[in-house]
Amino acid sequence: MTETTIPENRSSETETGLVGQPIARVDGSLKVTGHATYAYEHAVNGAAYGYILGAAIAKGRIVEIDSSEAEKMPGVLHIMTHRNAPAQPEFGPAVTPTVPEVFTRARPMLNSDRVRFYDEPIALVVAETFETARAAAGLIRVRYEEERGAFDLSARIADAYTPRRTNAGFETDNEIGDFGGAFAAAPVKVDATYRTPYEHHNPMEPHATLAVWSGDEVTIYTSAQTLANFQAGLASTLGIPRERVRIVSPFIGGGFGSKLIVHADGVLAALAARVLRRPVKVALTRQQMFANAGYRAEMVQQVRLGADRDGRLTSIGHDVWSATSGFEEFCEQTAVFTRSLYAAPNRLTRHRLVPVDLNRGEWMRSPGEAPGMLAFECAMDELAERLGLDPIELRIRNEPTEDPERGVPFSSRNLVACMREGARRFGWERRKPTPGSIREGRKLIGYGMAAAIRPNYIGAGTARVAIDATGRVTARLDMTDIGTGTYTILTQIAAESFRVPTAAVKVELGDSRFPRTAGSGGSWGAASAGSALHHACNALKERIMEAARSSDRSPLRGANDVAPIFVGGEIRVGGRSVGLADFIGRIAPDGMEAIGTVAAARDTESYRAYSQHSYGAHFAEVTVDSDTGEIRTRRMLSVIGAGRILNPKTARSQILGGMTWGIGAALMEETVLDPRYGHFVNHDLAEYHVPVNGDVADMEVVFLEEYDDKANPLGAKGLGELGVCGAGAAIANAVYNATGVRVREFPITLDKVLPGLPVTAI
Ligand code: MOS
């Protein structure tokens, strides 16, 4: 059950427009009828099938690899190992001082007898069918020289080192004032340590690639969030110019950050297809995704909050220790949001890494905030209790008037409004501050809340838009729709711009031959691609208007005193009007086109002058069975302030997804790393638990009316990842409110709650 409040758009331009309307996905019917073609489904003649064999040790060397039996199997075409794989450049630098390197560096495969992590690809079997390839892989005999690996984060905290930067290029450490002195002197304080486990994103569509060579150019049908990154990374690995790599990814079955860079399927399909001179398909199995498609690292977080007796924070400290791959660093920006969230004069945030023998960690939905807010917003709840303050009141008392570390104003910030509106709608006044106070039979009832913050960003990009002699508008850009609704909102933007129905607009995405964008990631997709398209439409309208005023063939020629306008599929100048299609047919029978570009936020004055974030407040009601400790999420509400909402229907789906991730992070998700062998034990969806429909009860999303004129020409701010930020903490706080048991080691499973539950009188 859900309810969505659709905001009234403010500006007059949008009142009559399509942007802001909850229109259904324009690609919805293609998807539900099976006509949307995903990576592995692209049909080409003569495609062969690859199957990846992964290492059975986590660290060491391959001494012998015997594929003779496998080669004899009928239908086997090729077996590629480190002995015969094409030469590739060396892996790039292990650290990433600048952000682009991580996307564009060579990622060679099968280039050494070294094994760096469990299930690292050691062979690719290519055969006429997938089944043959898989069966043949089972006949390959491998002898290893195994070395002892390092896997235990907690035992190795003393070995932690300071990386140069966190992900996304943030400072590793930031200190303002005197945190140590202020915290020591604070009359009320919390010093709590939280643990979050390894987690794996599991998009419905596993990573898959079909590689087709034509001469010295390759076309890669794959499942990618950012085409330019895939193109650059694969070109580096193949040692060819990027112009010779075409990436095609029109439909993507989810990404969550796991499809931002090229993985084994892409590299191995391209290598094998070149060797065999025929198309090759390679997909990761679900189990293989756990070692070969990134993860969120295990972390230990210490949060220290010092306050005066009125609940004003004097000191905020957030220290993070995270596991990282020993051969490729990834430092999630877990404490970076803390720098902007609450006021306090003395502040300290630090990130440290502990190397382990795992594959690289990667971006996983809301890198930073997802684990960081899970810990930090629980610490705020702990402080509120110590102060005897309502958790919302504590946050309101520490609401900053400007960004507390950068000292610049906020572009827009409605966190307090989100919390107040949420409290009113959720019935927050029914919450009892004393844990365990509300009971319904065997069930203990608890209420919890948490704040949400997520940076707003724009990635540089270009869009091309064309109009033909029938009045049809076509937009092309290498943007992707990973399930978020990109096709739909871009259709809305173009249709509104030309005042034509959505049916007159075609948006084409997912081909690296189209103008380059920042793709889908970091919640920047809608604002970045949308702004580029908005500018492209304006540029094209300008060209049309110019033609309307000046072309010999224009029926509107000479009506110079009034600016032309687009309305209802017509162009009007003063009292004269002409149908848009008719007009283009007359003045430009071959159609007209224009491009629009948007600069990266970091290159803009607005980004330097304003602190730009989206905000929200999450509310949760849980029940905990007082006999069994079973935790159920009964209700959730999220109130969101994220600028103008381009499409409340697709936006709501994003937030619902994030809230569901919150349930997972709080109560279920954990990949268990076997410290003896270095493999993830529960590497499938039977044993890696995520919330299913039965776990997601009554969820409501409310968008506050907001328009951020500092963010971009659309007035929108990113919201894709906002839904998960803090959502898990709201549930954890509700579990505490229900039971009085504070679990600081996630996920909160019943075995951790049960020992602390009040004993029921029999
Ligand atoms: Mo997102 S984790 O930046 O795709």
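Since we're looking at a predicted model, the values are computed, not measured.

Colleague: Can you help me understand the overall build of the protein chain in this one?
Modeller: Along its length, the protein chain carries 20 helices and 28 strands. Taken against the 2.2 N^0.38 rule, which gives 27 Å for 762 residues, the C-alpha radius of gyration of the protein chain at 27 Å falls within 12% of a compact globule. Counting all 762 residues of the protein chain, 60% fall into the buried class. Pairs at least 24 residues apart make up 80% of the contacts formed inside the protein chain by residues separated by at least 6 positions. Just so you have it, the protein chain exposes about 28000 Å², and 50% of that area is on carbon and sulfur atoms. Within the protein chain, one finds 83 positive and 91 negative side-chain charges whose respective centroids are separated by 2 Å.

Colleague: Got a minute to help me understand the pairing of strand β12 (residues 245–248) in this structure?
Modeller: By the bridge criterion, 4 bridges tie strand β11 (residues 217–222) to β12 in an arrangement that is parallel. Within β12, the position partnered with tyrosine 221 by the bridge is valine 248. Regarding topology, helix α7 (residues 227–238) serves as the crossover connection from β11 to the parallel β12, and that connection is right-handed.

Colleague: Teacher, can you tell me more about the packing of aromatic side chains here?
Modeller: For any two aromatic rings, the description comes down to two numbers: the centre-to-centre distance and the angle of the planes. Enumeration over the complete set of coordinates arrives at 23 aromatic pairs. Note on phenylalanine 256 and tryptophan 661: the rings are 5.2 Å apart at their centroids and 55° apart in plane angle, and the pair reads as tilted. Placement of phenylalanine 256 in the loop between β12 and α8 (264–276) and of tryptophan 661 in helix α18 (residues 648–668) is noted, with a sequence separation of 405 residues between them. On the numbers, 5.8 Å between centres and 70° between planes, the contact of phenylalanine 290 with tyrosine 688 is edge-to-face. Here phenylalanine 290, found in helix α9 (residues 286–292), pairs with tyrosine 688, found in the loop between α18 and β28 (698–703); they are 398 residues apart in sequence, far enough to count as distant. Directly above the aromatic system of phenylalanine 426 lies the positively charged group of arginine 635, at a separation of 3.8 Å from the ring centroid. The ring of tyrosine 736 has arginine 742 lying over it, and the distance from NZ or CZ to the ring centre is 4.3 Å.

Colleague: Looking at this structure, how should I read the pattern of salt bridges?
Modeller: One side chain can pair with another of opposite charge once the charged atoms of both are near each other. In the structure shown here, the tally under the stated rule is 55 salt bridges. The shortest N-O distance in the salt bridge between lysine 72 and glutamate 69 comes to 3.0 Å. Pair noted here: lysine 72 and glutamate 69 are both in helix α3 (residues 68–72), with a separation of 3 residues, about one helical turn. Note on lysine 72: relative accessible area 59%, which makes it exposed.

Colleague: Sorry if this is basic, but what is going on with unusual backbone geometry here?
Modeller: Note: most peptide bonds trans; most residues except glycine with negative phi. With an omega dihedral of -5°, the bond running from phenylalanine 746 to proline 747 counts as a cis peptide bond. Backbone geometry places serine 366, a non-glycine residue, at a positive phi of 55°. Within the secondary structure, serine 366 is located in the loop between β16 (346–356) and α11 (369–387).

Colleague: Would you explain the side chain of arginine 431 in this entry?
Modeller: Locating arginine 431 in the fold gives a position in the loop between α13 (415–426) and β17 (438–440). One buried charged residue, arginine 431, remains without a salt bridge, the closest side chain of opposite sign being aspartate 390 at 4.2 Å. Beyond its immediate stretch of four places on either side in the chain, arginine 431 contacts Asp390, Pro391, Tyr447 and Asn737.

Colleague: I tried to follow the sheet that holds strand β21 (residues 505–508) on my own but got confused; where do I start?
Modeller: Strands belonging to one sheet form pairs held by backbone hydrogen bonds; the direction of such a pair is parallel or antiparallel. The strand order across the open sheet formed by 4 strands is β21-β20-β19-β25, and the pairing between neighbours is mixed. The open sheet has two edge strands with one neighbour each: β21 and β25 (592–598). Here the strands of the sheet are splayed against their neighbours by 20° on average, with no regard to which way each runs. Sheet strands in contact with helix α15 (residues 525–550) are β19 (461–467), β20 (473–476) and β25, and its direction is about 140° off that of β25.

Colleague: What exactly am I supposed to notice about helix α19 (residues 727–739) here?
Modeller: An α-helical segment advances 3.6 residues per turn. Residues three or four places apart therefore align on the same side. Taking 1.5 Å per residue as the helical rise, α19 with its 13 residues ought to reach 18 Å, and the 19 Å between its terminal C-alpha atoms agrees with that figure. Counting buried positions along α19 yields 13 of 13 residues, so the element is predominantly enclosed. Downstream of α19 by one or two residues, glycine 740 has phi in the positive range, about 80°.

Colleague: Could you clarify how one ought to interpret the pairing of strand β4 (residues 76–80) in this entry?
Modeller: Note on strand geometry: in a regular strand, side chains alternate between the two faces of the sheet. Burial analysis of β4 places 4 of its 5 residues in the buried class, which makes it a mostly covered element. Bridge analysis of β4 against strand β6 (residues 121–127) gives 4 bridges, and the strand direction is antiparallel. Opposite methionine 80, over in β6, you have leucine 124 as the bridge partner.

Colleague: Sorry, what's going on with the sheet that holds β4 here?
Modeller: A sheet is described by the order of its strands in space; here 7 strands give the open sequence β4-β6-β2-β13-β10-β11-β12, paired in mixed fashion. Edge positions in the open sheet fall to β4 and β12, since each of these has one partner strand only. Here the average twist between neighbouring strands, direction ignored, is 20°. Bridge count between strand β10 (residues 208–214) and β11: 6 bridges; the pairing is antiparallel.

Colleague: Can you help me understand the environment of phenylalanine 117 in this one?
Modeller: Assignment of secondary structure puts phenylalanine 117 in the loop between β5 (114–115) and β6. Taking the C-alpha atoms as reference points, phenylalanine 117 and leucine 757, 640 residues apart in sequence, are found 41 Å from one another. Apart from residues no more than four positions distant in its own chain, phenylalanine 117 is found in contact with Ala55, Ile57, Ala58, Ala291, Asn292, Phe327, Asp357, Leu358 and Asn359.

What counts and how
- Residues numbered from 1 in each chain as written.
- Predicted model: local features only at pLDDT ≥ 70, side-chain atom pairs only at ≥ 80, totals over all residues.
- Heavy atoms only, no water.
- Helix = DSSP H or I, 4+ residues; strand = E, 2+ residues; numbered from the N terminus.
- Rg over C-alpha atoms; globule rule 2.2 N^0.38 Å.
- Buried < 20%, exposed > 50% of the residue type's maximum accessible area, 1.4 Å probe, protein only.
- Contact = heavy atoms within 4.5 Å.
- Areas by Shrake-Rupley, 256 points an atom, 1.4 Å probe, with all protein chains shown as cover.
- Lys, Arg positive; Asp, Glu negative; His and termini not counted.
- Charge placed at Lys NZ, Arg CZ, Asp CG, Glu CD.
- Pairing = 2+ DSSP bridges.
- Right-handed = clockwise from strand over helix to strand, strands pointing away.
- Phe/Tyr/Trp six-rings, centres within 6.5 Å; stacked < 30°, edge-to-face > 60°.
- Lys NZ or Arg CZ within 6 Å of the ring centre and 35° of its normal.
- Salt bridge = Lys/Arg side-chain N within 4 Å of Asp/Glu carboxyl O.
- Axes fitted to C-alpha atoms, helices over the stretch in contact; angles between N-to-C directions.
- Expected span 1.5 Å × (residues − 1).

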